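Coordinate inspection notes
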Amino acid sequence: FHEYQDWSMTMNRVRTALVGCGKVGRIQAKALASLAESDFVAVCDAGSDRAEAFATDYGVEPFTDLDAMLARLKTGDGPSAVFLCTPHPLHAPAAIRAAEAGVHVLVEKPMAPSLAECDSLIASARASGVHLGVISQRRWYEPVRRMKTAIEAGKIGRPILGTFTMFSWRDEAYYRSDPWRGRWDTEGGGVLVNQSPHMLDLLIWLMDDPIVEVSGYWANLNHPYIEVEDTAVAILRFKSGGLGSIVTSLSQKPGIATKVHIHGSNGASVGVETDRGATFIAGVTPIAEPPLNDLWTIPGEESKLGEFQIEDRERFASLDATTHYHSLQIEDFLRAILENRPPLVTGDDGRRAVALFDAIYRSNRERRPIAIEEA
């Protein structure tokens, strides 16, 4: 079957392939198999059993060699794209090979553990003229989009103070579930690298003002069985003079909440609780509670907060939030390819989140504020 599979495509579809047949891969595969813009044709995984299982489930061709799959993707007419769902230390090498082959790339968060890898990937994508995106599906949460719309309309004046707080939890079984978790050499970090990039991206996106300086600290407070940090704090200074703060932790059992709040120059504030309790584990736990606006003091709109929450609870009950928002971002990326426009979340956006957590690590290590410069 696989040997004779027809990989031709119509002009309004992209041949798509998945790399990494693990937990997150299951979420993305559902989108690739269902979206009208996607002609899902292949999967690749170092484990042949996992690749074969995915291939059977989705009627696609399995590979264990990335270069062989990329060569196969390029045999047809029209655009092709790979979706990287491997552990993040493996993102950059695979993404660079895909870009150099002329294949568009959407990478799971974080883009890479280091700025050097991010820069190499961005340079490869630009040199090949391919689209590069990074998963940050929480940008599609309706409460987040509502905040962005209000901020862009000037309803809070100029954003002057942004805060991100996460009081979450991960237990020992989570870190034992994959051998690469909780180690500097295989994960590249802890809560900053793994659980925080989504909200770091939201904070940067909603403030819409470059971060120029970071002071931060990290610690391992109650996870003695891992090497990396379970908690970090930071103070941010933005280019226009605004300030920000970050408190992110996996040390609160069983998890409390995750929030991003933006305060404006006219005194108005907007906020979102993206997660209630512990943040969900992709491919393991579902999103159990709806994301909701938990702060809305725009003049004349204060009474709308309750209406927003009712609306978003009703919507949440009608869909599978664990897969729905990934699907929306993947759809945007595919349409960006077909329409030859940037995706909503670009490689540069992914780099900004990495630059932020890299600066927090450096600040803790060097015991001084760290300047951040745009690439």
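Before reading on, note that the structure itself is shown above.
I will try to describe carefully the structure that is included in this document. (Residues numbered from 1 in each chain as written. Predicted model: local features only at pLDDT ≥ 70, side-chain atom pairs only at ≥ 80, totals over all residues. Heavy atoms only, no water.)

1. Considering the overall build of the chain
Threshold: Numbering of helices and strands runs from the N terminus, with a helix taken as a DSSP run of H or I at least four residues long and a strand as a DSSP run of E at least two residues long. Computation of the radius of gyration draws on C-alpha atoms, with the globule rule given as 2.2 Å multiplied by the number of residues to the power 0.38. Relative accessible area decides the class of each residue, using a 1.4 Å probe on protein chains only: under 20% of the type maximum gives buried, over 50% gives exposed, and in between gives partly exposed. Any two residues whose heavy atoms approach within 4.5 Å are treated as being in contact. Surface exposure here means Shrake-Rupley accessible area, sampled with a 1.4 Å probe, where a residue is shielded only by the protein chains that are shown.
Scanning the chain from N- to C-terminus turns up twelve helices and 14 strands. Here the chain has a C-alpha radius of gyration of 20 Å; the compact-globule value for 375 residues is 21 Å, and the two agree. Out of the 375 residues in the chain, the part that is buried amounts to 57%. The contacts of the chain with a sequence gap of at least 6 include a subset with a gap of at least 24, amounting to 71%. Total accessible area computed for the chain in this model is approximately 15,200 Å², and 52% of it derives from carbon and sulfur atoms.

2. Details of the packing of helix α4 (residues 91–100) against helix α5 (residues 115–128)
For clarity, the cut-off: Angles shown run from 0 to 180 degrees and are taken between the N-to-C directions of axes, each axis being a line fitted to C-alpha atoms and, for helices, limited to the stretch in contact. Roughly parallel covers angles under 35 degrees, roughly antiparallel covers those over 145, roughly perpendicular covers 65 to 115, and oblique covers all other angles. Here the term charged refers only to Asp, Glu, Lys and Arg, the term nonpolar to Ala, Val, Leu, Ile, Met, Phe, Trp, Tyr, Cys and Pro, and the term polar to all other amino acids, Gly among them.
One way to put it is that α4 packs onto α5 with a least axis distance of 8 Å and a crossing angle of 10°. Taken together, the axis directions place α4 and α5 in an arrangement best described as roughly parallel. Contacts between α4 and α5 pair A92, A95, I96, A99 and E100 from the former with E117, S120, L121, S124, A125 and S128 from the latter. Split by residue class, the contact of α4 with α5 holds six nonpolar, three polar and two charged.

3. Some details on the nonpolar core
Keep this limit in mind: Here, the term nonpolar core denotes a set of buried Ala, Val, Leu, Ile, Met, Phe, Trp, Tyr and Cys residues that are joined through side-chain atoms within 4.5 Å.
Counting 91 residues, the largest nonpolar core has M69, V82 and I262 as the members making the most contacts within it. Apart from residues no more than four positions distant in its own chain, I262 is found in contact with M147, I151, I156, P159, L161, G162, L203, L206, M207, A268, S269 and V270. In terms of nonpolar packing, the next biggest core, distinct from the first, is built from 21 residues, L18, C21, A81 and I135 among them.

4. Notes on the packing of aromatic side chains
Cut-off, in case you're wondering: Pairs were defined over the aromatic rings of Phe, Tyr and Trp, the Trp ring being its six-membered one, requiring ring centres within 6.5 Å. Orientation was assigned from the angle between planes: stacked under 30 degrees, edge-to-face over 60, tilted for the rest. Placement of a charge over a ring requires the Lys NZ or Arg CZ to be within 6 Å of the ring centre, with the centre-to-atom vector within 35 degrees of the ring normal.
Summed over the entire model, instances satisfying the criterion amount to ten aromatic pairs. Consider the rings of Y141 and Y325, whose centres lie 4.8 Å apart with planes at 75°: the pair is edge-to-face. With Y141 in the loop between β6 (132–134) and α6 (142–152) and Y325 in helix α11 (residues 321–339), this pair connects stretches of sequence that are 184 residues apart. Like Y325, Y141 is buried. Put simply, the rings of W184, W218, F357 and Y361 pair up and form one aromatic cluster. Above the ring of F308, the side-chain terminus of R146 is found at 4.2 Å from the ring centroid. Stacked on the ring of Y174, the Lys or Arg R170 has its end atom at 5.0 Å from the ring centre.

5. Description of the environment of L200
Tracing the backbone through its elements, the reader meets L200 in helix α9 (residues 197–207). Assessed through its relative accessible area of 0%, L200 is described here as buried. Taking the C-alpha atoms as reference points, L200 and S136, separated by 64 residues in sequence, lie 9.9 Å from one another. Setting aside chain neighbours within four positions, we find L200 in contact with F164, L192, I246, A353, L356 and F357.

6. Quick word on the pattern of salt bridges
As a reminder, the rule being used: Any carboxyl oxygen of Asp or Glu that lies within 4 Å of a side-chain nitrogen of Lys or Arg is treated as forming a salt bridge with it.
Counted according to the given criterion, the structure contains 31 salt bridges. Put simply, D312 and R146 hold a salt bridge, and the shortest N to O gap is 2.9 Å. Residue D312 is located in helix α10 (residues 304–317), and its partner R146 is located in helix α6; the two are separated by 166 residues in the primary sequence. R146 carries the same exposure label as D312, and that label is buried. A salt bridge links R276 to E273; the shortest N-O distance between them is 2.6 Å. Here the salt bridges share partners, and the residues they tie into one network are E142, R146, E311, D312 and R315.

7. Focus on the sheet that holds strand β13 (residues 292–296)
We apply this condition: Paired strands, as defined in this entry, are two strands with at least two bridges between them according to DSSP.
Strand order across the open sheet formed by eight strands is β13-β12-β11-β7-β10-β9-β8-β14, with mixed pairing between neighbours. The strands lining the two open edges of the sheet, one partner per strand, are β13 and β14 (370–371). Bridge count between strand β8 (residues 211–219) and β14: two bridges; the pairing is antiparallel. Counted as the bridge partner of E213 is A371 from β14. Running over the sheet, α9 touches β7 (159–167), β8, β9 (231–238), β10 (243–249), β11 (257–264) and β12 (269–276) and is turned about 170° from β7.

8. Here we look at the pairing of β10
Note: β7 against β10, seven bridges, orientation parallel. Within the sheet, the bridge partner assigned to L161 lies in β10 and is L243. Two strands pair when backbone bridges link them, and β9 and β10 are joined in this way by seven bridges, in the antiparallel orientation. The residue of β10 that forms the bridge with A234 is I246.

9. Some remarks on the sheet that holds strand β4 (residues 80–84)
The strand order β3-β2-β1-β4-β5-β6 describes an open sheet built from six strands, whose pairing is parallel. Two strands in the sheet have a free side with no partner beyond their single neighbour: β3 (61–63) and β6. Neighbour to neighbour, the strand axes of the sheet diverge by 25° on average, direction disregarded. Bridge count for strand β1 (residues 14–19) against β4 is five bridges, and the pairing is parallel. Across the sheet, the residue bridging to R15 is S80, located in β4. In the packing of helix α1 (residues 23–34) onto the sheet, contacts are made with β1, β2 (38–44) and β4, and the angle to β1 comes to roughly 165°.

Spatial relationships are all this shows, so hold off on functional conclusions.
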